[in-house]
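# Geometric and topological summary
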Amino acid sequence: MTETPVLRVADITKTYHLNTSVLARITRKDDKQSSLHALDGVDLQLNKGEILALVGESGSGKSTLAKILVGSATPTSGELDYHGEPMPLHRNKDASRRIQMVFQDPYSSLNPRISIGSMLKELLVLHNIVPKSEVRAESIRLLNLVGLEEDALQAYPSQFSGGQRQRIAIARALAVRPDILIADEPVSALDVSVQATILELFATLQRDLGLSILFVAHNLAVVQHLSQRVAVMYLGRIVEVAETEELFRNPRHPYTRALIDSIPRMSAESVNEEFFLDGEPPSPFNIPAGCRFNPRCPYASDACRTTDPALETVAPQHESACIRASELDTLALTIKPRRTGNTAA
Ligand SMILES: Nc1ncnc2c1ncn2[C@@H]1O[C@H](COP(=O)(O)OP(=O)(O)O)[C@@H](O)[C@H]1O
Ligand SMILES: [Mg+2]
């Protein structure tokens, strides 16, 4: 029943050493202030044909993980499997073709001096996707796939709106026939009115092309109706992962609860006013001891300040890295949350 995931990462870490002097790095290797732990043991798998949302606050490490998956950054340690086989550190042309990235900002990700037709042609020829005689027809097919017409071939990026540019960026990613798309906040830079049409496009591509998609967002609301599963990231770690409906109905990590409760709702009745997320995320230079979420967690006990919890199964297809996961419902009724400014710790 369990199919091999198309991508799997295990215990991935990424540390940036910010003190650029080589000598300083050698002599002060363990200096906490110069080592930034962007990823601190990430376990995650992307299943065939699914849209998996990766959600977390800004700075939690989402883009770093996205870059490692597409091969534009190398992890400090950890494993990365593609279709069950270890991905070579230096990917060949074919391996890099199969995993494509769509970036947040379609303005800076497209070259303003190259027409859409030339851009697609270059890729189709470079990767030998179709014979030269079919390049034009293939380019039109790609444009149609993303909801654009043939006349876009002659045009330049500046002639399009933000949403259309993101469609072009998606067509470019699809040109080399990937089986995996990594979309790093692809709607965050777009007008709210346009966001829904691009989300719809991702759903269509998943359905019609069978693509496996990792969809990065900082906001859970964006992915609620798009993804089949959600992985929640906090300070360089996945802290909860579940099927989307299950995650919203039965969140088993206090951080996920806070994210859900921060979604604005039409009806005031359904808002759980009990839980507010205090303050800024702590610094990845200095990850808190114990559970990394404990300084902001209204449910933190003494054990949470000393035990660094691993992801554990809490329900079918549902994992949480919280030692109090099973108690959360009762705790919600009995423990008053901390508010900014309170010093309950
Ligand atoms: N090239 C880099 N050099 C140093 N620090 C970086 C670099 N890229 C990202 N970081 C740091 O790593 C952490 C995670 O960043 P990022 O992956 O961009 O998070 P997100 O995409 O979730 O906002 C942040 O603290 C960020 O400042
Ligand atoms: Mg990012």
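Residues numbered from 1 in each chain as written. Chains lettered and ligands numbered in written order. Predicted model: local features only at pLDDT ≥ 70, side-chain atom pairs only at ≥ 80, totals over all residues. Heavy atoms only, no water.

Here the focus is the overall build of the protein chain. When helices and strands are counted, the protein chain shows 12 helices and 12 strands. Counting only residues that meet the buried cut, the protein chain has 51% of its 345 residues in that class. Partitioning the contacts of the protein chain with sequence separation of at least 6, the portion at a separation of at least 24 is 68%. (Helix = DSSP H or I, 4+ residues; strand = E, 2+ residues; numbered from the N terminus. Buried < 20%, exposed > 50% of the residue type's maximum accessible area, 1.4 Å probe, protein only. Contact = heavy atoms within 4.5 Å.)

Every one of the 13 residues lining ligand 1 counts as a neighbour, but Gly59, Gly61, Lys62, Ser63 and Thr64 are closest to it. Ser60 is positioned with one of its backbone polar atoms (N or O) 3.2 Å from an oxygen atom of ligand 1. Contact distances for ligand 1 include 2.8 Å between an oxygen atom and a side-chain N or O atom of Lys62. Surface burial for ligand 1 is 67%, taken as the share of its 560 Å² of free accessible area covered by protein chains. Within the residue set of the shell around ligand 1, elements represented by two or more residues are strand 2 (35-46) and helix 2 (62-70). Considering every element that reaches the shell around ligand 1, the biggest residue donor is helix 2, with 3 residues. Across the shell around ligand 1, the residue classes tally to 5 nonpolar, 6 polar and 2 charged. (Near = heavy atom within 4 Å. Polar contact = N/O pair within 3.5 Å; in protein donor to acceptor, adjacent residues only side chain to side chain. Areas by Shrake-Rupley, 256 points an atom, 1.4 Å probe, with all protein chains shown as cover. Nonpolar A, V, L, I, M, F, W, Y, C, P; charged D, E, K, R; others polar.)

A surface patch of negative charge is lined by Asp11, Asp43, Glu312 and Glu319. Mapping Asp43 onto the fold places it in strand 2. (Patch = residues over 30% accessible without salt bridge, like charges linked within 9 Å, V, L, I, M, F, W, Y side chains within 5 Å. Salt bridge = Lys/Arg side-chain N within 4 Å of Asp/Glu carboxyl O. Lys, Arg positive; Asp, Glu negative; His and termini not counted. Charge placed at Lys NZ, Arg CZ, Asp CG, Glu CD.)

What follows covers the packing of aromatic side chains. The full count for this structure, using the stated rule, is 4 aromatic pairs. Where Tyr234 meets Phe293, the ring centres are 5.0 Å apart and the plane angle is 85 degrees; that geometry is what we call edge-to-face. Of this pair, Tyr234 sits in strand 9 (residues 229-234) while Phe293 sits in the loop between helix 11 (254-261) and strand 11 (312-315), placing them 59 residues apart in sequence. Classification of Phe293 by relative accessible area gives buried; the value is 1%. An aromatic cluster of three or more residues is present, and its members are Tyr234, Tyr255 and Phe293. (Phe/Tyr/Trp six-rings, centres within 6.5 Å; stacked < 30°, edge-to-face > 60°.)

For the largest pocket, the calculated volume is near 760 Å³. Together, 31 residues line the largest pocket, and Gln45, Asn47, Arg229, Val241 and Glu319 are the ones closest to its centre. Counting only elements with at least two residues in the lining of the largest pocket, the list comes to strand 2, strand 10 (237-243) and strand 12 (318-320). Broken down by element, the lining of the largest pocket gets its largest block of residues, 6 residues, from strand 10. Its residues assigned to classes, the lining of the largest pocket shows 12 nonpolar, 7 polar and 12 charged. (1 Å grid on protein atoms, 1.4 Å probe; cavity = no way out; pocket = protein on both sides within 12 Å on 5 of 7 lines; lining within 4 Å. Points joined across faces, edges and corners; volume = space filled by probe spheres on them.)

Right, let's talk about the confidence of the model for the protein chain for a bit. Looking at the protein chain as a whole, its pLDDT mean stands at 89, while 87% of the residues score no less than 70. Low confidence marks residues 266-275, where pLDDT is under 50. Its contacts with residues over four positions away, or in another chain, come to 11 contacts. A low-confidence stretch, residues 338-345 (pLDDT under 50), is modelled with 13 contacts involving residues beyond four sequence positions or located in other chains. (pLDDT = per-residue confidence, 0-100.)

Attention now moves to the environment of Val232. As for its placement among the helices and strands, Val232 is situated in strand 9. For the pair formed by Val232 and Leu247, sequence separation is 15 residues and the distance between their alpha carbons is 9.8 Å. If sequence neighbours within four positions are ignored, Val232 has contacts with Val55, Arg237, Ile238, Val239, Glu240, Leu247, Tyr255, Thr256 and Leu259.

With mixed pairing, the 8 strands of this open sheet are ordered in space as 6-7-8-3-9-10-12-11. Two strands close off the open sheet at either side, each with one partner strand: strand 6 (99-102) and strand 11. The average angle at which neighbouring strand axes cross in this sheet is 25 degrees, direction not considered. Sheet topology places strand 10 next to strand 12; 2 bridges connect them, and they run antiparallel. Bridge assignment links Val241 to a residue of strand 12, and that residue is Glu319. Taken strand by strand, helix 7 (residues 162-175) contacts strand 6 and strand 7 (180-184), and its axis lies near 170 degrees from that of strand 6. (Pairing = 2+ DSSP bridges. Axes fitted to C-alpha atoms, helices over the stretch in contact; angles between N-to-C directions.)

So, about empty space enclosed by the protein. Using the criterion set out here, one finds 2 cavities of 30 Å³ or more in the structure. Each pocket or cavity is described by its volume, and for the largest cavity that value is around 90 Å³. Contributing to the lining of the largest cavity are 13 residues, with Cys291, Cys297, Cys304, Cys322 and Ile323 lying nearest its centre. Residue classes in the lining of the largest cavity are distributed as 10 nonpolar, 2 polar and 1 charged. At the level of secondary structure, the elements contributing two or more residues to the lining of the second largest cavity comprise strand 1 (7-17), strand 2 and helix 2. At 3 residues, the largest contribution of residues to the lining of the second largest cavity is made by strand 2.

Quick look at the sheet that holds strand 1 now. One key point about sheets: their strands pair by backbone hydrogen bonds, in either a parallel or an antiparallel sense. Read from one edge to the other, the open sheet built from 4 strands follows the order 2-1-4-5, with strand pairing classed as antiparallel. What marks the edges here is a single partner per strand, and that holds for strand 2 and strand 5 (85-86). Bridge analysis of strand 1 against strand 4 (residues 77-82) gives 5 bridges, and the strand direction is antiparallel. Looking at strand 4, one finds that Leu7 is bridged to Tyr82.

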